[in-house]
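Observations on the three-dimensional arrangement
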Amino acid sequence: MANPICRVDRLAWRHAGPSVGERALPEETAIAFTYNGTSYAVMMATPRDLEDFAIGFSLTEGIVDTPDEIETLEIVEEEVGIELRMWLSASRATSFQARRRHMAGPTGCGLCGIETLTQAMRPLPQVSEGPHFSPAEIMEAVSSLAPSQLINLETRAVHAAGFWSGERGLVALREDVGRHNALDKLGGAMARSGLSGGDGIAILTSRISVEMVQKAAMIGIPLLVAVSAPTALAVRTAEACNITLIGIARGDGFEIFTHAHRVALEAEMHVA
């Protein structure tokens, strides 16, 4: 499998003058998803954790409900990219053919190729209540992400999605050049290891668009935290599917946009 990091020569200019050197860059590869011999999507992504990507994408797209419905998964390297070749169970194969569509887009393009507005705003499951967290726990979850982003520590150019549990801390993290891809990979890693989305917090290094909320709902994550702001549609979608949406999570705090009851603010409000 291709190395996710590529080192290239570069010429830099600083106030002290020019200098030659080397820069670590994240690799970017065309990843094709095929089901039962039919092409479904092509995404530009980091060539790592591809089994997680295949399973997570299949779950968040609603192609399967469980990983077991993917009977075989083969990672096929080709000259121009990598194919994730999957064969579905008989019942899933039938439903897949009924909803078949093609989409191809640039890095992290979450809705490219959607054929109708109804497909773009598909109905989402109601996320279960899950645990409640204190502000200190949420801040701990956010701070746990950066030290574990091994690709980003070298390149400073990839997104990450992590899953944090109050009992176990950061239990899973995946990185990718695309923010949607990172969350798909996280969902696949969780499904493969038996982690329930309802048991913790998902932390994102990106802004929260509606597609990120849709994917979190499909994974069953009740609390979504990001370092950047959400879109207005993401807020409305999170409100509708019972997700606590937290943005602008930085060193000095965060902002809650929906379902604030999952965050134990009472003690802080009484002290204030």
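Up top is the structure these notes are about.
Let me begin by describing the structure that accompanies this report. (Residues numbered from 1 in each chain as written. Predicted model: local features only at pLDDT ≥ 70, side-chain atom pairs only at ≥ 80, totals over all residues. Heavy atoms only, no water.)

**Observations concerning helix α4 (residues 135–143)**
The criterion, for reference: Each residue is assigned to one of three classes by its accessible area relative to the maximum for its type, calculated with a 1.4 Å probe on protein chains only: buried under 20%, partly exposed between the two thresholds, exposed over 50%. Counting from the N terminus, the helices are DSSP H or I runs at least four residues long and the strands are E runs at least two residues long. Arc definition: directions from the helix axis to the C-beta atoms.
Within α4, burial applies to Pro 135, Ile 138, Ala 141 and Val 142. One face of α4 carries all of its buried residues, which in axial projection span an arc of 120 degrees.

**Concerning unusual backbone geometry**
One non-glycine residue, Arg 156, adopts positive backbone phi at about 55 degrees. Within the element layout of this structure, Arg 156 appears in the loop between α5 (150–155) and β8 (159–165). Judged by relative accessible area, which is 61%, Arg 156 ranks as exposed. For His 259, which is not glycine, the phi dihedral falls at a positive 45 degrees. Considering the arrangement of structural elements, one finds His 259 in the loop between β13 (253–256) and α9 (266–271).

**Points about the pairing of β13**
The cut-off we apply is this: Strands qualify as paired when DSSP identifies two bridges or more between them.
Across three bridges, the pairing between strand β12 (residues 244–250) and β13 is antiparallel. Residue Gly 247 lies in a different strand from β13, and its bridge partner there is Glu 255. Hairpin connection from β12 to β13: two residues lie between these consecutive antiparallel strands.

**Observations concerning the packing of aromatic side chains**
Worth spelling out the cut-off: The criterion for an aromatic pair is that two Phe, Tyr or Trp rings (for Trp, the six-membered ring) have centres within 6.5 Å, with stacked assigned to planes under 30 degrees apart, edge-to-face to planes over 60 apart and tilted to the rest.
Using the criterion set out here, one finds eight aromatic pairs in the structure. Aromatic side chains Tyr 35 and Tyr 40 sit 5.8 Å apart centroid to centroid with 85 degrees between the ring planes, which places their arrangement in the edge-to-face category. Note on Tyr 35: relative accessible area 0%, which makes it buried. A centroid spacing of 5.2 Å and a plane angle of 50 degrees characterise the contact between Tyr 35 and Phe 96, whose relative ring orientation is tilted. Of this pair, Tyr 35 sits in strand β3 (residues 29–35) while Phe 96 sits in helix α2 (residues 90–98), placing them 61 residues apart in sequence. No difference in accessibility class separates Tyr 35 from Phe 96, as the two residues are buried.

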